[in-house]
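# Per-entry structural report
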Amino acid sequence: EERLRARIDEEVTVFGVLRSRRDEGSPRILWLRHAPRRDFAVVLFNVKLWNGLDHEALDRRYITVTGKVSEYRDRPQILVEHATQIRAD
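Scope of this entry: the structure provided in the associated data block. (Residues numbered from 1 in each chain as written. Predicted model: local features only at pLDDT ≥ 70, side-chain atom pairs only at ≥ 80, totals over all residues. Heavy atoms only, no water.)

### Looking at the pairing of strand β4 (residues 62–72)
Note: strand β1 (residues 11–22) against β4, 7 bridges, orientation antiparallel. Its bridge partner being in β4, Thr13 is matched across the sheet by Thr66. Sheet topology places β4 next to strand β6 (residues 86–88); 3 bridges connect them, and they run antiparallel. The partner of Ile63 across the bridge, within β6, is Ala88. Relative to strand β5 (residues 75–79), β4 runs antiparallel, the two being bridged by 4 bridges. Paired with Ser70 across the bridge in β5 is Gln77. (Pairing = 2+ DSSP bridges. Helix = DSSP H or I, 4+ residues; strand = E, 2+ residues; numbered from the N terminus.)

In structure tokens, the structure reads:
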């Protein structure tokens, strides 16, 4: 988390597993576990984009997200605006 906080406004790639998700409301959020007890928010405001994700693949594979790091409530996050930013490997 400290390394991500140091890269605010820079493009990074984050790798992790899906710990949980917020399927309702706005924004929709995928919480990735990238280290023990360290979760990272992947934020999507676009419901159409959210609905187009392969959620089954996200549930059972590693997830790679690329985008600019921003900060919300003193925690780093990535805002996903295009489907190409997120992959299930």
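Having seen the structure, we can now continue with the description.
### A look at the environment of Val17
Examined against the element boundaries, Val17 turns out to sit in strand β1. On the basis of relative accessible area, Val17 is assigned to the partly exposed category, the value being 33%. Sequence separation between Val17 and Thr64 is 47 residues, and the spatial gap between their C-alpha atoms is 8.7 Å. Leaving out residues up to four positions away in the same chain, Val17 has contacts with Trp31, Leu32, Arg33 and Tyr62. (Buried < 20%, exposed > 50% of the residue type's maximum accessible area, 1.4 Å probe, protein only. Contact = heavy atoms within 4.5 Å.)

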